[in-house]
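Now for the letters of each chain:
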Amino acid sequence: VLLEPMVSLIAAASLSAPADYPFTEMLAISPVGEGGRSVTHTDAIEKMIVAGTFVAPKAGETVTLADGKAQTWKSARANAEGWFEGEEFSGGYAFASYDSPEPRVMLLEAAGHSMAYVNGAPRAGDVYGYGYLRLPVLISKGTNTLLFATGRGRMRAKLVAPKSAVALDLGDPTLPDFVAGERSPVYAAVVITNATESEARGLVLEARCGGDLRVSYLPTIAPLTVRKVGFLIPSPGATNTDSEDVRLTLKAHETAIDTATLKLRVRTPEQSHRRTFVSAIDGSVQYYAVQPAQRSQTTSARPGLVLSVHGASVEAQGQADAYGPKTWTHIVAPTNRRPYGFDWEDWGRLDALEVLADAERRYNTDPSKTYLTGHSMGGHGTWQLGVHFPDKFAGIAPSAGWISFWSYVGRGAPLYPNPSPVEEVIKRAVSPGDTLNLAENLRNQAIYILHGDVDDNVPISESNLMAKRLDDLEIDYTFFVKKGEGHWWDDSEEPGSSCVDWPQMFDMFANRRLANNEEIRRVRFLTVNPANSSTCHWATIESQEKMMAPSRIDLTFDPLMRRFHGITENVSRLSIDVAHLSDDKPISIELDGQKLGEVKYPAEKRFYFAHVDGRWSEGDPFSPDLKGPHRYGPFKHAFNRKMVLVYGTKGRLEENAWAFYKARFDAETFYYRGNGSVDLIRDVDFGPTVGKDRSVILYGNADTNSAWKSLLGDSPLTVGRARLYLQDPTTPGKGPSLNTSMVDRAVLFLRPRPGSDTALVGAVSGTGVVGMRLTDRLPYFMAGVQYPDVIVIGPEMLDKGTAGIDGAGFFGPDWTVKSGDFAFPQP
């Protein structure tokens, strides 16, 4: 159990270095449950792990599934290249053991698995087979067990000796290009491996290019893990070379402990190139690629910007290079944070917005000439970004795009066709991914749909389905079907690939402009979550009456009469920006047939309206203590705003071990899936030095995590080692509540962080170690999966799916239980 260092750094260095150990034989078993993109899953082996009854299997042993069927453990052997293949390696399990004559730290290099248990501790997996995930693991004297949850049909694994206790790993860098003539330093990121059982503190990374040096002070690296860290590199400025070497020196307490060399491309301003920036999500370094406009010397007009979102497994640089340069617009390709990333939902959607803002500022583009396109998964991203942000893009053009996970992966199967009350809550949590439902936001954009009619990857039925939806809504669009072409095609000698760089699509872009607020008389807008999307031109849906149900506005402004009027649906708070008006005379307001009369022009240049007991009233700016676009939920939103993961150390031995293992697993998973960089600290180290506007994730409960009281002491949801209850303190004995005898339950929930107007606190919690372990594989980093503000899950979930959920719900607009919406059983 990892609590205090058991092998000192000096002792670890004195051990004889073991040789690499590739696993060539394993036991493997076919899938023992069902999962996918769902808040729940069934799994007979995980059920044993959670209960603490799993033991090393033997060939020929069987595992009984929830439906009474059985799967058998079989022997498997790797091929000559070290890969295990077969149906067992597609969603099943593989088991191996390793005998060591002494304790040591080794690196687990595995690919093709979704996660692993090393001596029972969960570790992140490399499901897409990138090959760069090398995790330090503690190997005990004697027999060590490794259980892999397999992924996509094949996997391989080996243990290797670390080169040093703390070291640079250049296998997964995030690098910019040097742009000739630019002197400003640039951001980059590399992985650092901490192969010790102590935190690696006080690290410094020196980056030298030419005669210039930049020194970056690095964050703490948690024990036995990896972290991708950002740092600054000096730019060489004028150079005639195609690349420049950057020499890195990693230091600890002024002593060099590792060195390495990076090679960065040098590009001219006219060539496609990579840019980097620091993300506000987690402080990590991300990159995007640009195909610059080839501007005429006589052109004075500001250039346009085409945001192009890539398909699955594609890098942003490859996306940008699929286009020929244009004279009038830059083409900017964000990353989605990884080649697969988040399918342009969740943090992928935020990445696209961050890149758009950075590129607009850097290249001084014309905001009225901003457009959106993408291919395959990027076609889905085009639909997603388009429906969420209809006032950001003058035109959108999905190519071979799928619509949603239900239409594409589920092939149209409805999510929970006859939902229980709990399933209805979950449907609302995931509703931002329902692109068809949000399609009515596309009324004011130019739309060009492009698809090959023999596409065997994303069938043309996806585009046909969206076209029918647009027809039903009476929304204009152009739909071009490329006869005889599949998923990716190029039928022109011109630069660029035709399936993304389609001339007619760019002609449409060139002839469309985005109207400004002064030109907009009518706003029709739909959102299901104001934290994802709240504003369309001059109107903002600040909050809802029923959380994450559809909220609509249809508002009209008559400029000569100086009158706003219209209707709303499921809107509890609304604001209207009037900064575009030419003077500050009084304005007439009518909402839902209620005349508010003439109201004074607001000093803040924005009206605020609240809907209470069926009546609208105009008032002051809304309190940040209420739910709003700044802070809303559901649970995933706790992982925004440079979150810090705080694990409990005040519980029993097994509880403390779980808290660290789970927090480290989440940090590794967010690094792998989201190119992330997350602070991981003990509860006893949490304090004022952690910025008040950073979101916090607590691992443990009120009995095991000492930071719980200061952050969640006033929470209406209480979780302890043997207690669990939800109660509104203003109405004791009334309202939804939980049975206090519920033990062995997994609990996820979020609350506003005290003392902050924007940050959240998320709890990854449980009653008892069984409940804690049940959280280990809840897939809240997976696109298409959403948990509500609160969810309580029992171990029965691993047999019964959603029937194992004890309850779920949303806090109300004022973060109370009383105004919320919960599907919890009464005691």
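Residues numbered from 1 in each chain as written. Predicted model: local features only at pLDDT ≥ 70, side-chain atom pairs only at ≥ 80, totals over all residues. Heavy atoms only, no water.

## With respect to the overall build of the protein
Counting its secondary structure elements, the protein contains 14 helices and 49 strands. Computed over C-alpha atoms, the radius of gyration of the protein comes to 27 Å, within 12% of the 28 Å expected from 2.2 N^0.38 for 827 residues, which places it in the range of a compact globule. Its C-alpha atoms give the protein principal-axis dimensions of roughly 85 × 75 × 55 Å. Looking at the protein alone, contacts between residues at least 24 apart form 70% of all its contacts between residues at least 6 apart. Just so you have it, the protein exposes about 31800 Å², and 49% of that area is on carbon and sulfur atoms. (Helix = DSSP H or I, 4+ residues; strand = E, 2+ residues; numbered from the N terminus. Rg over C-alpha atoms; globule rule 2.2 N^0.38 Å. Contact = heavy atoms within 4.5 Å. Areas by Shrake-Rupley, 256 points an atom, 1.4 Å probe, with all protein chains shown as cover.)

## Topic: the pairing of strand β2 (residues 25-29)
Taken residue by residue, a regular strand's side chains alternate between the two faces of the sheet. Where burial is concerned, most of β2 is hidden: four out of the five residues are buried. Where β2 lies against strand β5 (residues 74-77), four bridges are found, and the strand directions are antiparallel. Bridge pairing in β5 places M26 opposite A76. Across three bridges, β2 lies against strand β7 (residues 93-100) in antiparallel orientation. Within the sheet, the bridge partner assigned to L27 lies in β7 and is F95. (Buried < 20%, exposed > 50% of the residue type's maximum accessible area, 1.4 Å probe, protein only. Pairing = 2+ DSSP bridges.)

## Looking at the environment of Y632
As for its placement among the helices and strands, Y632 is situated in the loop between β39 (615-619) and β40 (644-647). By relative accessible area, which is 2% here, Y632 ends up buried. Residues Y632 and L760, 128 residues apart in the sequence, show an inter-C-alpha distance of 8.8 Å. Discounting residues that sit within four places of it in the chain, Y632 has contacts with N529, P530, A531, E542, S543, Q544, M547, K627, D789 and W815. Among the polar contacts made by the side chain of Y632, one reaches the side chain of Q544 at a distance of 2.9 Å. (Polar contact = N/O pair within 3.5 Å; in protein donor to acceptor, adjacent residues only side chain to side chain.)

## Digging into the packing of aromatic side chains
This model, assessed by the stated rule, comprises 37 aromatic pairs. On the numbers, 6.1 Å between centres and 45° between planes, the contact of Y132 with Y672 is tilted. Here Y132 is found in the loop between β10 (121-124) and β11 (134-139), whereas its partner Y672 is found in helix α11 (residues 653-674), with 540 residues between them in sequence. Residues Y132 and Y672 agree in their burial class; the two are buried. Here the aromatic cluster, defined as three or more aromatic residues joined through ring pairs, consists of F342, W347, F635, F639, F670, Y780 and F781. When the ring centre of W83 is taken as origin, the NZ or CZ atom of R154, which lies over that ring, is 3.8 Å away. (Phe/Tyr/Trp six-rings, centres within 6.5 Å; stacked < 30°, edge-to-face > 60°. Lys NZ or Arg CZ within 6 Å of the ring centre and 35° of its normal.)

## Comments concerning the confidence of the model for the protein
Scored by pLDDT, the protein comes out at a mean of 93, with 96% of its residues at no less than 70. Overall, residues 1-15 carries pLDDT values under 50, and its contacts beyond four positions in sequence, including any with other chains, amount to 26 contacts. (pLDDT = per-residue confidence, 0-100.)

## A look at a nonpolar patch on the surface
Among the surface-exposed residues, L213, V215 and Y217 lie close enough to one another that they form a single nonpolar patch of about 320 Å² accessible area. Tracing the chain through its elements places L213 in strand β18 (residues 212-217). You can call L213 partly exposed: its relative accessible area is 36%. (Patch = residues over 30% accessible without salt bridge, like charges linked within 9 Å, V, L, I, M, F, W, Y side chains within 5 Å. Salt bridge = Lys/Arg side-chain N within 4 Å of Asp/Glu carboxyl O.)

## Some points on helix α9 (residues 461-472)
Since the α-helix packs 3.6 residues into each turn, any two residues three or four apart lie on the same face. Spanning twelve residues, α9 covers 16 Å between terminal C-alpha atoms, matching the ideal 16 Å at 1.5 Å per step. Those residues of α9 lying buried are E462, S463, M466, A467 and L470. Summarising the axial view, the buried residues of α9 lie within an arc of 130°, below the 170-degree limit, and thus occupy one face. On the buried face of α9, the contacting elements are α5 (377-388), α6 (405-408), α8 (435-438), β28 (446-452) and β29 (478-482). (Expected span 1.5 Å × (residues − 1). Arc of directions from axis to C-beta.)

## Re the side chain of K482
Considering the arrangement of structural elements, one finds K482 in strand β29. Using a relative accessible area of 16% as the deciding quantity, one classes K482 as buried.

## Topic: α11
End to end, α11 covers 31 Å across 22 residues, agreeing with the expected 32 Å (1.5 Å per residue, within 8%). Extensive coverage of α11 is indicated by the burial of 20 of its 22 residues. Phi turns positive one or two residues past the end of α11, at N675, with a value near 50°.

## Focus: the nonpolar core
Looking at soluble globular proteins, one finds that nonpolar side chains tend to be buried together. In terms of nonpolar packing, the biggest core is built from 119 residues, with F639, Y699, Y780 and Y787 touching the most fellow members. Here the element with the most residues in this core is α11; it accounts for eight residues. One finds L175, I221, V229 and L250 within the second-largest nonpolar core, a separate group that totals 26 residues. (Core = buried A, V, L, I, M, F, W, Y, C linked by side-chain atoms within 4.5 Å.)

## What to know about the pattern of salt bridges
Taken as a whole and assessed by the stated rule, the structure comprises 44 salt bridges. For R777, the salt bridge goes to D43, with nearest N and O atoms at 3.8 Å. With a gap of 734 residues between them, R777 in the loop between α13 (768-774) and β47 (790-793) and D43 in the loop between β2 and α2 (44-51) connect regions that are remote in the sequence. Each member of the pair R777 and D43 is classed as buried.

## What to know about the pairing of strand β24 (residues 304-309)
Counting buried positions along β24 yields six of six residues, so the element is predominantly enclosed. Every second residue of β24 is oriented toward a common face, with G304, V306 and S308 on one face and L305, L307 and V309 on the other, all of them buried. Where β24 and strand β26 (residues 370-375) come together, five bridges link them in parallel fashion. When the bridges of β26 are listed, V306 appears paired with Y371.

## Focus: the sheet that holds strand β33 (residues 551-558)
In space, the five strands of this open sheet follow the order β30-β33-β34-β36-β37, with mixed pairing throughout. Every other strand in the sheet has two partners, leaving β30 (522-527) and β37 (594-599) as the edge strands with one partner each. Averaged over all adjacent pairs, the angle separating strand axes in this sheet is 15°, with direction ignored. Of the pairings in the sheet, the one linking β30 to β33 comprises six bridges and is antiparallel in character. Note on β33: the bridge partner recorded for L526 is R552. (Axes fitted to C-alpha atoms, helices over the stretch in contact; angles between N-to-C directions.)

## Some points on the side chain of N529
Secondary-structure assignment places N529 in the loop between β30 and β31 (535-536). Of note is the side chain of N529, whose polar atom sits 2.9 Å from the backbone oxygen of G633. What N529 contacts, discounting residues up to four positions off in sequence, is Q544, M548, Y632, G633, P634 and H637.

## Remarks on the sheet that holds strand β46 (residues 760-767)
Pairing is mixed across the open sheet formed by eight strands, whose spatial order is β41-β40-β42-β46-β45-β47-β48-β49. The open sheet has two edge strands with one neighbour each: β41 (679-682) and β49 (821-823). Mean inter-strand twist for the sheet, computed between neighbouring axes without regard to direction, equals 15°. Bridging between β40 and β41 involves four bridges; their strand directions are parallel. Of the residues in β41, the one forming a bridge with Y647 is R682. Helix-sheet contacts for helix α7 (residues 421-429) involve β48 (805-810) and β49, and the interaxial angle to β48 is about 45°. Strands in contact with α11 are β40, β41, β42 (696-699) and β46; relative to β40, the strand with the most contacts, it is inclined by about 165°.

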